[in-house]
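Residue-level listing of the chains:
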Amino acid sequence: MKENFQQMADAIIPKEEKKKKFHMIMLFFTAEELGLPTDNPDQWVNVRNIRFDNAMDAMDCYANTQCPASVHISADTAEELEKEKEQMIRNYQDKEWLEENLYPYL
């Protein structure tokens, strides 16, 4: 059974992702979901970021989170991961990016 799981994981997670040493699951919710007062109820808020040092643990968390707008990012260095995080926060404020990369999958 464990071998089957490993084969599935190997097929799902690209080799280049597995080689990266820094991973993060970012959780996003709308202001409306959080009950926040806002003029834009569809505004996305990054509520939590969970760091991992391997892709398998990150993907396990990603697969089992109950946050449909969560995202997995990864990088070779901690500094790169921080830049990826900042870019993803900007992405969730970009209507065009959301229309192409998030809304079709929710």
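Preceding this paragraph is the structure being described.
Rules of the game
Residues numbered from 1 in each chain as written. Predicted model: local features only at pLDDT ≥ 70, side-chain atom pairs only at ≥ 80, totals over all residues. Heavy atoms only, no water. Helix = DSSP H or I, 4+ residues; strand = E, 2+ residues; numbered from the N terminus. Buried < 20%, exposed > 50% of the residue type's maximum accessible area, 1.4 Å probe, protein only. Contact = heavy atoms within 4.5 Å. Areas by Shrake-Rupley, 256 points an atom, 1.4 Å probe, with all protein chains shown as cover. Pairing = 2+ DSSP bridges. Axes fitted to C-alpha atoms, helices over the stretch in contact; angles between N-to-C directions. Core = buried A, V, L, I, M, F, W, Y, C linked by side-chain atoms within 4.5 Å. Expected span 1.5 Å × (residues − 1). Arc of directions from axis to C-beta.

**Observations regarding the overall build of the protein chain**
The helix and strand tally for the protein chain stands at six helices and three strands. Counting from the amino terminus, helix and strand elements in the protein chain follow one another as α-α-β-α-β-α-β-α-α. A burial count over the protein chain gives 30% of its 106 residues as buried. In the protein chain, the proportion of contacts linking residues at least 24 apart, taken out of those at least 6 apart, comes to 59%. Carbon and sulfur atoms make up 50% of the accessible area of the protein chain, which amounts to about 7,500 Å² in all.

**Points about the sheet that holds strand β1 (residues 22–30)**
On the basis of which strands lie adjacent, the open sheet formed by three strands has the order β2-β1-β3 and antiparallel pairing. If you trace the sheet from one side to the other, it starts and ends with β2 (44–52) and β3 (71–75), each paired once. Taken over all neighbouring pairs, the strand axes of this sheet differ in orientation by 25° on average, direction set aside. Inspection of the sheet shows β1 paired to β3 by five bridges, in the antiparallel sense.

**Focus: the nonpolar core**
Ranked by size, the top nonpolar core spans 14 residues in total, and within it Met26, Phe28, Trp44, Met88, Tyr92 and Leu102 carry the most contacts. Among the elements of the structure, β1, β3, α5 (78–91) and α6 (95–101) are those that each provide at least two residues to this core. The contacts of Trp44, once residues within four sequence positions are left out, are Phe28, Phe29, Thr30, Glu33, Ala69, Tyr92, Gln93, Leu98, Leu102, Tyr103 and Leu106. If you look at the next biggest cluster of nonpolar residues, it comprises six residues, including Ile25, Ile50, Ala58 and Cys61.

**A few points about the side chain of Thr30**
Looking at the element boundaries, Thr30 is found in strand β1. For Thr30, a relative accessible area of 10% gives the class buried. Sequence-distant contacts of Thr30, defined by excluding residues within four places in its chain, comprise Pro41, Asp42, Gln43 and Trp44.

**Let's talk about α5**
Across its 14 residues, α5 extends 20 Å between first and last C-alpha, which sits within 8% of the 20 Å expected from 1.5 Å per residue. Three or more residues of α5 are buried, namely Leu81, Lys85, Met88 and Asn91. Take α5 and look down its axis: the buried residues cluster within an arc of 120°, on one side only. With respect to the buried face of α5, the exposed residues turned more than 90 degrees away are Glu79 and Lys83.

Taken by themselves, the reported measurements are silent on function.
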